[in-house]
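Chain and residue survey
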Amino acid sequence: MTALLNLYRSVTDMLERADWLLPTLARFLFAAILLMYFWVSGLTKLGDGLFGIFSPSTGAYVQIFPRMMEAVGYDTDQFSAFQGLFVLAGTWAEFILPALIVLGLFTRLAALGMIGFVALQSLTDLYGHNGWEDPAVLGGWFDRFPDAIIMDQRAFWIFALVVLVIKGAGPISFDRALSSRA
């Protein structure tokens with residue numbers, strides 16, 4: 001029994017010293033699961049042509065301000081400059097923040113930004129797209145169903161991002177390369 005406990009302690013001690021493991025795994029899983037989700041979503045928000053990145057599509061406004069778009073008859077000219085900048089920032093965030101996380105550059109700041117983005121996205125899904133009315137969207141914890149969009153999936157997304165905020169990007173990152181030269 002003592003040999004088994006010693007083996008257990010040696011394995012757990014080794015895992016405790018593996019500070020690189022959690023942030024590396026969190027970034028890998030973010031890249032494998034969420035990178036293309038956000039980039040494809042961002043692509044739906046781009047306007048036409050080469051400079052579409054500076055003029056979001058009507059769909060961007062519909063996704064970010066669904067009820068307001070319906071109220072103004074889908075006329076984006078009725079939005080304020082501030083609202084236009086908000087849509088533009090949201091569009092850019094879907095490309096920039098995930099790229100920074102995958103590259104491991106300014107990872108803690110990018111992960112904080114993504115936490116805010118996911119929170120706003122979730123609130124928009126609940127309030128703007130009437131997610132409150134669909135129990136499968138909101139879901140609930142401790143209910144034996146692990147597939148609700150908000151309470152289940154997004155909680156795991158935020159957990160992975162919190163790991164990056166706390167632990168940083170890990171050893172295979174631009175953050176590490178920049179910090180070793182400083």
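Just above, that's the structure.
Presented here is a report on the structure given in the accompanying data block. None of these values were measured; they are calculated from a predicted model. (Residues numbered from 1 in each chain as written. Predicted model: local features only at pLDDT ≥ 70, side-chain atom pairs only at ≥ 80, totals over all residues. Heavy atoms only, no water.)

Quick notes on the overall build of the chain
Along the chain, the regular secondary structure elements total nine helices and zero strands. Across the chain, helices and strands are ordered from the amino to the carboxyl terminus as α-α-α-α-α-α-α-α-α. Computed over C-alpha atoms, the radius of gyration of the chain comes to 20 Å, more than 25% over the 16 Å expected from 2.2 N^0.38 for 182 residues, which places it beyond the range of a compact globule. Based on the C-alpha atoms only, the size of the chain along its principal axes is roughly 75 × 50 × 20 Å. With 182 residues in all, the chain has 35% of them scored as buried. Of the contacts formed within the chain by residues at least 6 apart in sequence, a portion of 61% connects residues at least 24 apart. For the chain, the exposed area adds up to about 11600 Å²; of that, 71% sits on carbon and sulfur atoms. (Helix = DSSP H or I, 4+ residues; strand = E, 2+ residues; numbered from the N terminus. Rg over C-alpha atoms; globule rule 2.2 N^0.38 Å. Buried < 20%, exposed > 50% of the residue type's maximum accessible area, 1.4 Å probe, protein only. Contact = heavy atoms within 4.5 Å. Areas by Shrake-Rupley, 256 points an atom, 1.4 Å probe, with all protein chains shown as cover.)

Some remarks on the packing of aromatic side chains
Scanning the entire structure with this criterion turns up eleven aromatic pairs. Following the ring pairs from residue to residue traces out a cluster consisting of Phe-30, Tyr-37, Phe-38, Phe-117 and Trp-157. (Phe/Tyr/Trp six-rings, centres within 6.5 Å; stacked < 30°, edge-to-face > 60°.)

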